[in-house]
Amino acid sequence: MQKGVSIIICTYNGKARLAETLRHLAMQKSHCPVEIVLVDNNSSDGTRDFADNWWRDNGVSTIEYTSFSQPIPGKSYAQELGYAKAKYEYLLICDDDNWLCDSYVQTAFDIMENDSKIGALGGWCEAVFEKERPKWFDTYAKYFAVSKQGTESGDITNKKGCLYGAGMVIRKSHWLELNNLGFKPLLTCRKGDSLSSGGDTEYSYVLRLLGYKMWYDERLYFQHWMPEGRMNLGYVQRIRKAISESNFVVSIYTDALNNKEYGKVDFYKRAYHMMKKDITRQTLNRINGSFEEKELAKEYFRNLSRLLTKFSDYKKNRDTIKVWLLK
């Protein structure tokens, strides 16, 4: 595998967002080989043509640029195509609303080169708002992947344990290894305007099962663009619901990492322990509570419902990962 960084940009109707993202990439101060691989995920606004023309007119010769179309909706499908087309070992996932600091690429390359046991590398970001910063934003910033992923640079495998996808760096050789094992993700990422979630968390856990580390570095800083259309509590509700649903699926990875395999009885014991909590209080919160109390109550009842009815899904997912882990 050639040493260098392939910046993977997957975008759906990202025409209005891409100019600033590409401008920050053109300002990278790097001396390692770098390419941009842009994947247009079934856009209807001329995204690919816009990006191609922007880089032709404003890009730099030190960074190679290619673009592709993925007609199958879903960010995970776009990422898979981007990974396949990438020619360098290090795959840097840059969302179409991420503005990387000018040292991001070279710093990421150096960190990954220095430690072959790092499976995934992440940084941190701050939000940049199209209009006024909402008063509630800091309370719910984590749902927008706006947070530091560690208290200091270093190994977070047994702390946070996973990384969010924006700005994450992985190895193409690991992706190829997983493909050879027959790994198929249980989760799919966003499709168009839907808010399915958790693909980055699942990939982090899979790498950990293969023995690789999660690493955080404070030097990897970027800004995350926050359009006005997402700055409402209704959007927060949608994100929380998607995360809650994906957490049920990825729980089989945490069970595997902890060498636990729940049978039907133990699985329903989980539900029993949840039911021992104050259901009356949660019910009242759902009806009369504050926004946060209502959201916590919804999450509580969603989790309880899954534990009461979804053992077959849990077992199917567990059997799936056991198959490829044994290969």
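Quick note: structure is the one above.
Only a predicted model underlies this, so the values are computations on that prediction, with no experimental measurement involved.

Now for the packing of helix α7 (residues 199–209) against helix α8 (residues 233–257). Running from N to C, α7 and α8 point in directions that differ by 20 degrees, and their axes come no closer than 10 Å. By the angle between their axes, α7 is roughly parallel relative to α8. In this structure, α7 crosses over α8, and the sense of that crossing is left-handed. Note on element contacts: α8 touches α7 through V250, Y253, T254, A256 and L257, opposite T201, E202, Y205, V206, R208 and L209. Counted by class, the contact of α7 with α8 contains seven nonpolar, two polar and two charged residues.

As enumerated under the stated definition, the model contains zero disulfides in all. Between C32, a cysteine without a disulfide, and C101, which holds the nearest cysteine sulfur, the sulfur-to-sulfur distance is 13 Å. No disulfide involves C125; its sulfur sits 11 Å from that of C94, the nearest cysteine. By relative accessible area, which is 3% here, C125 ends up buried.

Glancing now at the pairing of strand β4 (residues 88–93). Taken across its six residues, β4 has six buried, putting it largely inside the fold. In the sheet, strand β1 (residues 2–11) pairs with β4 via five bridges, with the strands oriented parallel. Opposite S6, over in β4, you have L91 as the bridge partner. Note that β4 and strand β8 (residues 169–171) share three bridges and pair antiparallel. The residue bridging Y90 from the neighbouring strand is R171, located in β8.

For the rest of this paragraph, the subject is the pairing of β1. Taking burial as the measure, the ten residues of β1 include eight buried ones, the bulk of the element. With seven bridges joining them, β1 and strand β2 (residues 34–40) adopt parallel strand pairing. Note on β2: the bridge partner recorded for T11 is D40. Each parallel crossover has a hand, and for β1 linked through helix α1 (residues 15–26) to β2 it is right-handed.

With that settled, the discussion passes to the packing of aromatic side chains. Tallied over the entire structure, the rule returns 22 aromatic pairs. Ring centres of W124 and Y221 lie 4.8 Å apart, and the angle between their planes is 50 degrees; on these two criteria the pair is classed as tilted. Highlighted residues: W124 in strand β6 (residues 118–129) and Y221 in strand β9 (residues 213–226), separated in sequence by 97 residues. On the basis of an interplanar angle of 85 degrees and a centroid distance of 5.6 Å, the ring pair of F267 and Y268 is categorised as edge-to-face. Residue F267 is classed as buried on the basis of its relative accessible area of 0%.

Definitions and limits used
- Residues numbered from 1 in each chain as written.
- Predicted model: local features only at pLDDT ≥ 70, side-chain atom pairs only at ≥ 80, totals over all residues.
- Heavy atoms only, no water.
- Axes fitted to C-alpha atoms, helices over the stretch in contact; angles between N-to-C directions.
- Helix = DSSP H or I, 4+ residues; strand = E, 2+ residues; numbered from the N terminus.
- Parallel < 35°, antiparallel > 145°, perpendicular 65-115°, else oblique.
- Left-handed = near helix turned anticlockwise from the far one by under 90°.
- Contact = heavy atoms within 4.5 Å.
- Nonpolar A, V, L, I, M, F, W, Y, C, P; charged D, E, K, R; others polar.
- Disulfide = S-S within 2.5 Å.
- Buried < 20%, exposed > 50% of the residue type's maximum accessible area, 1.4 Å probe, protein only.
- Pairing = 2+ DSSP bridges.
- Right-handed = clockwise from strand over helix to strand, strands pointing away.
- Phe/Tyr/Trp six-rings, centres within 6.5 Å; stacked < 30°, edge-to-face > 60°.

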